[in-house]
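# Fold and contact review
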Amino acid sequence: MRSGDPGASERCPIQTARSRREGDTVTRPRILVVGAGFAGVECVRRLERKLAVDEADVTLVTPFAYQLYLPLLPQVASGVLTPQSIAVSLRRSRRYRTRILPGGAIGVDLKAKVCVVRTITDQLVNEPYDYIVLAPGSVTRTFDIPGLTDHAYGMKTLAEAAYIRDHVIAQLDLADASDDPAERASRLQFVVVGGGYAGTETAACLQRLTHAAVKRYPRIDPSLIKWHLIDIAPKLMPELGDKLGSSAQEILRKRGIDISLGVSIAKAGPEEVTFTDGRVVPTRTLIWTAGVVASPLIATLGAETVRGRLAVNAEMTLPGSDGVFALGDAAAVPDEIKGGEGAVCPPTAQHAMRQGRHVADNVIAALRGGPMYPYAHRDLGLVVDLGGRDAVSKPLGIELRGVPAQAVARGYHWSALRTNVAKTRVMTNWVLNALAGDDFVRTGFQARKEAKLKDFEFTDAYLSPEQVRARVEGSGRVD
């Protein structure tokens, strides 16, 4: 493998120092990791394994002390899995010594080497660092569509998945109790926007939920329940290829899901949604999964971006900034396997996990004055779990459908879970759901004021680069 930037360790004396002196106190280098997704957690665990206890201090910034296994969120929404089963505790590691700062990073001053954190108690904290690993992930991509953020639900967080389950079951409860045909029509139609993996799996899993639940509602005509899956793209999950993509569409259509391609949302209201082709669908449930964008944290750096993702080199360092690493959904990491100008790694879990381990090695190399190496990984394939025995998968380029595809999909997800406890919980949930089904119980998450897409991701909490600089300069925390 070729060396990344052999002169990097010579430019910054901090990178070769094992310790720093502040006044009369010798302190260890400070490594700050932002984000507890696949990338951030894999990085922290690697650092804990490879660094000596007295070699550096590691801090992880995250609102929750767990890693969310995001690909299984649709199964939480449909009740196949419990929320706890895919929230993997960060405090189970035998080598656990990372300091967890409970909050979200809302700004970074690269010059001062300070990260501004809003804690879960809404306090602002300036966290200094010597090395920073930016893995804040992504947020739901939205557009300037009238009513979208006020009336749509997302599928990006554990809270959203649990909330949507309650909401969907509530629609069945309310429709069953209503004698108003118009109200029943709006409560029994569901719209999912986004024909990627998240949207397709969400529509598939939730349709199975309502199909099974309606048997417990004798006053509801099953034919009134309609699911719509729409996407502006001409194909469903184009990464799968034409054959598997067509197979997935056929499976969903046989279940009664109406698929509309080349269509999006023109406007959204509390009781109806207008499609761009002019159709008006009465609905109280609009689930928006039309892609993601890098965390707004990236915009606070004032650095170069590629389609919103931080532009880094193959070693996952930020050019011109010492001690700054970025990876995962928030970084445009060059794809060394595909090659070609502008080729970047897709924002998938398999890349994020491997980038996390690789960037940890590069941080350690920078800390010890050694060479850093470029990241390269060949995709292992794609899996799409459509619930029950339905799935399509493409492991190592081999196209699979039905039960074999489902075995590969669930086998991949199960093996990717980080702890044996999580694996046991997920497997137990799968077996129990297959044998006993669902009781369709609402937990009360939406007992009070309704919460929509804008209420879960807090995208308005971030600072501008100017606000970050003013905050840091005014606090006296500039090193």
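For the structure itself, consult the block above.
So, here's what we can say about the structure. (Residues numbered from 1 in each chain as written. Predicted model: local features only at pLDDT ≥ 70, side-chain atom pairs only at ≥ 80, totals over all residues. Heavy atoms only, no water.)

Another aspect to go through is the overall build of the protein chain. A count of helical and extended segments in the protein chain gives 13 helices and 27 strands. Scaling as 2.2 N^0.38, a compact globule of 479 residues should have a C-alpha radius of gyration of about 23 Å, and the protein chain matches this with 23 Å. For the protein chain, with 479 residues in total, the buried portion stands at 52%. Partitioning the intrachain contacts of the protein chain with sequence separation of at least 6 by distance along the chain shows that 69% fall at a separation of at least 24. If you sum the accessible surface of the protein chain, you get close to 21,400 Å²; carbon and sulfur atoms cover 53% of it. Across the protein chain, the mean location of the 60 positive side-chain charges is 6 Å away from that of the 53 negative side-chain charges. (Helix = DSSP H or I, 4+ residues; strand = E, 2+ residues; numbered from the N terminus. Rg over C-alpha atoms; globule rule 2.2 N^0.38 Å. Buried < 20%, exposed > 50% of the residue type's maximum accessible area, 1.4 Å probe, protein only. Contact = heavy atoms within 4.5 Å. Areas by Shrake-Rupley, 256 points an atom, 1.4 Å probe, with all protein chains shown as cover. Lys, Arg positive; Asp, Glu negative; His and termini not counted. Charge placed at Lys NZ, Arg CZ, Asp CG, Glu CD.)

In contact at an axis separation of 9 Å, helix α10 (residues 402–416) and helix α11 (residues 420–436) are set at 150° when each is read in the N-to-C sense. Looking at the two axes, α10 sits roughly antiparallel to α11. Classified by chirality, the crossing of α11 by α10 is right-handed. Residues R410, W414 and S415 of α10 touch α11, and the partners they reach there are K423, M427 and W430. Residue composition of the contact of α10 with α11, grouped by class: three nonpolar, one polar and two charged. (Axes fitted to C-alpha atoms, helices over the stretch in contact; angles between N-to-C directions. Parallel < 35°, antiparallel > 145°, perpendicular 65-115°, else oblique. Left-handed = near helix turned anticlockwise from the far one by under 90°. Nonpolar A, V, L, I, M, F, W, Y, C, P; charged D, E, K, R; others polar.)

Locating I220 in the fold gives a position in the loop between α7 (197–213) and β14 (226–231). For I220 and D173, which are 47 residues apart along the polypeptide, the C-alpha to C-alpha distance reads 9.7 Å. With residues up to four places along the chain from it excluded, the contact list for I220 reads L172, A175, D176, R184, L188, V214 and I225.

Now for the packing of aromatic side chains. When we look at a pair of aromatic rings, we describe it by the centre distance and by the angle of the planes. Counted under the stated rule, the structure contains six aromatic pairs. Relative to Y163, the ring of Y153 lies with its centre 5.9 Å away and its plane at 35°, an arrangement referred to as tilted. Highlighted residues: Y153 in strand β12 (residues 152–153) and Y163 in helix α5 (residues 158–177), separated in sequence by ten residues. You can call Y153 buried: its relative accessible area is 2%. (Phe/Tyr/Trp six-rings, centres within 6.5 Å; stacked < 30°, edge-to-face > 60°.)

We now examine unusual backbone geometry. Phi at D122 is positive, roughly 70°, even though this residue is not glycine. Here D122 lies in the loop between β8 (114–119) and β9 (124–128). In this structure D122 comes out as exposed when scored by relative accessible area, which is 54%. A positive phi angle, near 55°, is found at F440, a position not held by glycine.

Moving on: the sheet that holds strand β22 (residues 309–311). An order of β21-β22-β24 is seen for the three strands of this open sheet, with the pairing classed as mixed. In the strand order of this sheet, the two ends are held by β21 (305–306) and β24 (331–332), each with one partner. Taken together, the two bridges between β21 and β22 define a ladder with antiparallel strand orientation. The residue of β22 that forms the bridge with V306 is R309. (Pairing = 2+ DSSP bridges.)

Structurally, D180 is set in the loop between α5 and α6 (181–187). On the basis of relative accessible area, D180 is assigned to the partly exposed category, the value being 38%.

The strand order across the open sheet built from seven strands is β9-β8-β7-β4-β3-β10-β23, with neighbouring strands paired in mixed fashion. The open sheet is flanked by β9 and β23 (324–326), the only strands paired with a single partner. The average angle at which neighbouring strand axes cross in this sheet is 35°, direction not considered. Examined bridge by bridge, strand β4 (residues 57–62) and strand β7 (residues 99–109) share four bridges and lie parallel to one another. Residue T62 lies in a different strand from β7, and its bridge partner there is P102. Sitting on the sheet, helix α2 (residues 38–50) is in contact with β3 (30–34), β4 and β10 (131–134), with an inclination near 155° to β3. Packed onto the sheet, helix α9 (residues 349–368) meets β3, β10 and β23 and runs at close to 170° relative to β10.

Before going further, it helps to examine the packing of α2 against α9. Closest axis-to-axis distance for the α2/α9 pair is 7 Å, and the angle between their directions is 40°. As judged from the angle between their axes, α2 and α9 are oblique. When you trace α2 past α9, the crossing you get is right-handed. Between α2 and α9, the contacting residues are F38, A39, E42, C43, R46, L47 and K50 on the first element and A349, A352, M353, G356, R357, V359, A360, D361, V363, I364 and R368 on the second. Here the residues of the contact of α2 with α9 sort into eleven nonpolar, one polar and six charged.

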